[in-house]
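So you can see what is in the structure, the chains are spelled out below.
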Amino acid sequence: MANTTLTRRALLKSGAIAAGTLAMPSIVRAQTATEMTMLAWYGQAEPDAVAEFEELHNVKITPKYYVGGEQMLALLAQSPPGTYDLIHADAEYVQQLVFAKFVEELDPNDYAFDDFFPEFHRFPGHWSGDQLYAVISRFGFLGISHNLDAVSVKEAMSYDMLWDEKHKDKVGHFDWHLPNLGVLSLKEGNSQPFNISEAAWGQLMNGTLSLKPQVRGFYDYGGVLSSLKSGEVTVMPGIGEWITGVLRRDGANVTTTIPEQGGIQFTESFSIGRGSQRADLAKKFIQHVSSPKGQFNLANLNVFPAIVPSKPAWEQMISERPEDARHLGMFKGEGNAIDLIRKERIHIRELPVQQELEDWNDFWSAYKSA
Amino acid sequence: MTTSISTRRLSRLAYSGLWSLPLPLWLAGFFLGPMILLIWLSFWDVRNFLLTPDFQLENWQKMLSANYFWAAYLRTTLIAISAAILASLVALPCALAISFFLGLKARMVVLGLFVVPFFTSYLVRIYSWQIYLTENGIIMKTLAAVGIDSGSLLNTPLALMVGLVTLTLPLVIVIQSISMLSLDKTLIDAAYNLGCGPRRVLFATVLPAVRPGIVLGALFAFIFSFGDFVTATYLGGGKFTTLSILIADTVKSGQQWPRAAVVSLVMIATLLVSALGAISYAYRRA
């Protein structure tokens, strides 16, 4: 009779072989996939945004998400050069990135700017002199977002409607001073909403304070979505399709209108982090998201939809997703997103020019407490 | 013989020292250490969104001279006091019933039920209150069905109180109940024997005797409400700027951690003074 007793050594040996076999696929993957780091707003490194590139280049993108450009700058300041290969930032913070030497110079010839509308060939904020530091990926407009059951597009064509008695206690704010004060500055008639004199700043503060009795609340991202969806709030200045586009996917009857007084433009872009060890791969990623296919994908990200600067991607949106394209302003003819920019109804979001950022922030705190 | 006694004394000292050690260690590591760091941070500077070690008084001057800071301070204090009073008043009959009217088994079950809310996230509980309080919520729809249209309850002082009482009530009930359960019942018998009616027994005997429990319950409710961020944000709609919201705003814009540290230190000082005052009142001889 054969000796079938399992010795301790045999058990350990079999266990080791079994564990090794089970772990082999992940070991192989871990050995072959290059890791690339990305500092970004939430959603930019989710599978719908990066899976195709990851598969194409056998790379794993590891995100570090931030909330707000200032947190991004603080994170970079606290990390050694080379920590982040890709940096996703709003245009107003790219200049700060350049000033602090957090990003590498880029060669404009590497990117498909010819596919972009002319307005984005030399986008202000992304260049310092003749040197390129960031490539625009998406943008959107901020105006008045509203529930169509309560506020018509015609009514939303003026910021003055926010003061209408019938909207008392129905006006909400996304809790960030920059876009709110930006659009209210336009309402006050400032042609450069963030570059205003002390007198105009005083007028803007008084005008904003007069809106407070109408205000229902100040919300974070989740709060903005739920309050607009539930009908708690019917109108919000200073936000855009990045909110209403998400709500519409969920069946809400909402849209964003850019009033006659104008709207604010936010812009997303990608840069290569200073000291990146995978700068070539990071360049390939930016080339990928600038391509027509990458741009079409970016316009429809799960996190929120946005306008893209690529003309071929516009064509694809119009033919494949006409309804989304219409809401985003990516259609042909008068009133589309590019037309609004050309008619100078859209102003790029910036940091305050003549006041300190903390003056705007302090006023916002005082406004919330008023 | 002497050596044996001193060895025994030493061993007893070492034993008691070992048991006493975690408290000062914990206090040093998790209270004094962070406190010193916070005080130090309040004198730092922020340059180009970057925290820079410094020693400047500007953060203190800036915050303590800002009207919005004092408005938030007053509002936070009033909200916390209101929540503490409300929670104590609601808890009192519950604690009396648990302590004097329920049998042992029922008492254990009911006290256990008051611990159950702590099993779920406070944030989730507050979010679920939104469903009830919103304009299209259950409460408003029920009221509308009987012809009462009062709009939404969200973002109102009432919603704030609902949230804070949700947070604090179970704890206040448990503290008050423990205090009442440890009351010497012969005092109540004596009061009745001396001819007191039920009301006088309650106000002249029971309540003075359980004062520490009532005051400590209210103190905990005050402390939790004073520092709460979730209710003020999600049920108050950020409309009632409290000190916690102010801290978040200060950090969010401009990375002003040093100024947020100033607000935090004022909050800690307020809570320390309140706690010391409340404890000395609770155990003061009548």
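It should be emphasised that the depicted structure is a prediction, and the values quoted were computed from it without experimental measurement.

Caption draft 1: Local environment of the pairing of strand S9 (residues 235-240) of chain A. Residue and element names in this part refer to chain A. Among the 6 residues in S9, 6 count as buried, and that is most of the element. In the sheet, strand S6 (residues 135-147) pairs with S9 via 5 bridges, with the strands oriented antiparallel. Bridge pairing links His 146 to Val 235 in S9.

Caption draft 2: Quick peek at the pairing of strand S11 (residues 263-272) of chain A. Residues and elements named next belong to chain A. Burial analysis of S11 places 10 of its 10 residues in the buried class, which makes it a mostly covered element. Of the two faces of S11, the one lined by Gly 263, Gln 265, Thr 267, Ser 269 and Ser 271 and the one lined by Ile 264, Phe 266, Glu 268, Phe 270 and Ile 272 are each fully buried. Across 3 bridges, S11 lies against strand S12 (residues 346-348) in parallel orientation. For Gln 265, the partnering residue across the bridge sits in S12 and is Ile 348.

Caption draft 3: Region of the structure containing the confidence of the model for chain B. Residue and element names in this part refer to chain B. Taken as a whole, chain B shows an average pLDDT of 91; of its residues, 99% reach a score of 70 or greater. No element of chain B has a lower mean pLDDT than strand S2 (residues 50-52), at 83, and none a higher one than helix H11 (residues 211-226), at 97. Interface confidence for the predicted complex, given as ipTM, is 0.74, next to a pTM of 0.80.

Caption draft 4: Structural detail: the domain arrangement of chain B. By domain assignment, chain B separates into domain 1 (1-41) and domain 2 (58-282). Spacing between the C-alpha centres of domain 1 of chain B and domain 2 of chain B amounts to 34 Å.

Caption draft 5: Representation of the interface of chain A and chain B within the structure. Every contact between the two is made by 25 residues of chain A and, on the other side, 25 residues of chain B. Put simply, the parts of the chain that give the side of chain A that touches chain B at least two residues each are helix H3 (69-77), strand S8 (215-219), helix H7 (221-230) and helix H14 (357-369) of chain A. The element best represented in the side of chain A that touches chain B is H14 of chain A, accounting for 8 residues. A breakdown of the residues in the side of chain A that touches chain B according to their chemical character gives 9 nonpolar, 9 polar and 7 charged.

Caption draft 6: Quick look at the domain arrangement of chain A. All names here are of chain A. Annotation of chain A at the domain level lists domain 1 (31-139 + 267-316) and domain 2 (140-265 + 347-369). Just the C-alpha atoms count here: the centres of domain 1 and domain 2 sit 27 Å apart. In this complex, domain 1 contributes 9 residues to the contact, which on the side of domain 2 involves 10 residues. Here the residues of the side of domain 1 that touches domain 2 sort into 7 nonpolar, 1 polar and 1 charged.

Caption draft 7: Molecular detail of the environment of Ala 275 of chain B. Mapped onto the elements of the fold, Ala 275 of chain B is located in helix H14 (residues 257-282). Classification of Ala 275 of chain B as partly exposed rests on a count of 15 C-beta atoms within 10 Å.

Caption draft 8: Representation of the nonpolar core. If you look at the biggest cluster of nonpolar residues, it comprises 97 residues, and the most contacted ones within it are Met 38, Leu 86, Leu 97 and Ile 307 of chain A. By residue number, the principal contributor to this core is S6 of chain A, which donates 6 residues. Counting contributing residues, this core receives three or more from each of domain 1 (31-139 + 267-316) and domain 2 (140-265 + 347-369) of chain A. With residues up to four places along the chain from it excluded, the contact list for Ile 307 of chain A reads Arg 138, Phe 139, Gly 140, Ala 299, Leu 328, Gly 329, Met 330 and Ala 337 of chain A. In terms of nonpolar packing, the next biggest core, distinct from the first, is built from 54 residues, Leu 154, Val 162, Val 172 and Ile 247 of chain B among them.

About the criteria used
- Residues numbered from 1 in each chain as written.
- Chains lettered and ligands numbered in written order.
- Predicted model: local features only at pLDDT ≥ 70, side-chain atom pairs only at ≥ 80, totals over all residues.
- Buried ≥ 20, exposed ≤ 12 C-beta atoms within 10 Å, placed from the backbone.
- Helix = DSSP H or I, 4+ residues; strand = E, 2+ residues; numbered from the N terminus.
- Pairing = 2+ DSSP bridges.
- pLDDT = per-residue confidence, 0-100.
- Domains from an automatic or database assignment.
- Contact = placed C-beta atoms within 7 Å.
- Nonpolar A, V, L, I, M, F, W, Y, C, P; charged D, E, K, R; others polar.
- Core = buried A, V, L, I, M, F, W, Y, C linked by C-beta atoms within 7 Å.

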